[in-house]
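Architecture at a glance
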Amino acid sequence: YSFRDRKSEANRKGVYRRNIDQAKRMGLNIDKSERIIFLDVDGVLNTEFMPPRDALHEKLLQRLSDVVNTTGSKIVLSSTWRLHEIFRAKLINALAHVGIDSSLIIDDTPRLPLRLGPWPAAEQQRSAEIATWIRKNCPKGLLSWCAIDDLNLINSEHSDLFEGHFVRTTKE
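These figures come from a predicted structure and were not determined experimentally.

Here the focus is the confidence of the model for the chain. Across the chain, the average pLDDT comes to 82, with 77% of residues at or above 70. The secondary-structure element of the chain with the lowest mean pLDDT is helix α1 (residues 3–25), recorded at 47, while strand β2 (residues 74–77) shows the highest, at 97. Note on residues 1–10: pLDDT is under 50 here. Beyond four places in sequence and across chains, it has 4 contacts. Low pLDDT, under 50, characterises residues 20–26; the predicted model gives this stretch 7 contacts beyond four residues in sequence or across chains.

See the structure below:
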């Protein structure tokens with residue numbers, strides 16, 4: 001890991017931040033023709049058996065790249081990796097390495113306060129963050145979207161929203 005790598009990573013992170021800032025200034029307002037992937041990382045782009053914990057699997061990254069490039073989808077980060085600059089930078093770098101340009105990462109889901117209820121906390125939290133993002137940014141409805149996650153997002157108060165829009169992965 002060289003100085004050049006760190007500088008390149010910082011530049012990518014800056015481009016990513018500018019993309020999000022520009023989109024927010026423009027109001028984002030997603031068109032019905034847009035295709036959006038709400039992307040988790042742990043259990044989607046890595047497995048439980050991959051040391052270190054922040055490792056990303058090349059084959060899984062390539063699969064995501066194939067989906068993004070085939071469908072013309074844009075990405076909204078729903079993973080907790082969005083909350084940590086080091087993990088975010090590592091993810092952006094890995095996605096660029098497999099051909100997913102940082103301009104395709106258009107936003108993050110909001111970080112909401114934890115609400116306890118009858119559903120599992122992690123599933124409830126993630127599904128609420130995605131539901132909030134959709135309500136805020138898609139006032140006319142979002143025609144084509146998918147959440148890719150290892151958490152069972154259907155097991156939440158937002159289960160109706162995720163029916164037909166959810167791909168569940170395993171951590172293995």
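Our next topic: the pattern of salt bridges. Per the stated rule, a full pass over the model turns up 6 salt bridges. Two residues, R88 and D108, come together in a salt bridge whose shortest N-O distance is 2.9 Å. One end of the pair, R88, is in helix α3 (residues 85–97); the other, D108, is in strand β3 (residues 105–108), and 20 residues separate them in sequence. For the pair formed by R88 and D108, the shared burial category is buried. A salt bridge links R126 to D149; its shortest N-O distance comes to 2.5 Å. Pair noted here: R126 is in helix α4 (residues 121–137) and D149 is in strand β4 (residues 144–149), with a separation of 23 residues, a long-range link. One exposure class covers both R126 and D149, and it is buried. A cluster of three or more residues bridged by salt bridges with shared partners is formed by D40, R126 and D149.

Take α4 next. For α4, built from 17 residues, the straight-helix expectation of 24 Å at 1.5 Å per residue is met to within 8% by its first-to-last C-alpha distance of 24 Å. Buried residues dominate α4, accounting for 12 of its 17 residues. Those residues of α4 lying buried are E123, Q124, Q125, R126, S127, A128, E129, I130, A131, W133, I134 and N137. If you follow the buried residues of α4, they end up packed against β1 (35–39), β2, β3, β4 and α5 (159–162).

Criteria and thresholds
Residues numbered from 1 in each chain as written. Predicted model: local features only at pLDDT ≥ 70, side-chain atom pairs only at ≥ 80, totals over all residues. Heavy atoms only, no water. pLDDT = per-residue confidence, 0-100. Helix = DSSP H or I, 4+ residues; strand = E, 2+ residues; numbered from the N terminus. Contact = heavy atoms within 4.5 Å. Salt bridge = Lys/Arg side-chain N within 4 Å of Asp/Glu carboxyl O. Buried < 20%, exposed > 50% of the residue type's maximum accessible area, 1.4 Å probe, protein only. Expected span 1.5 Å × (residues − 1).

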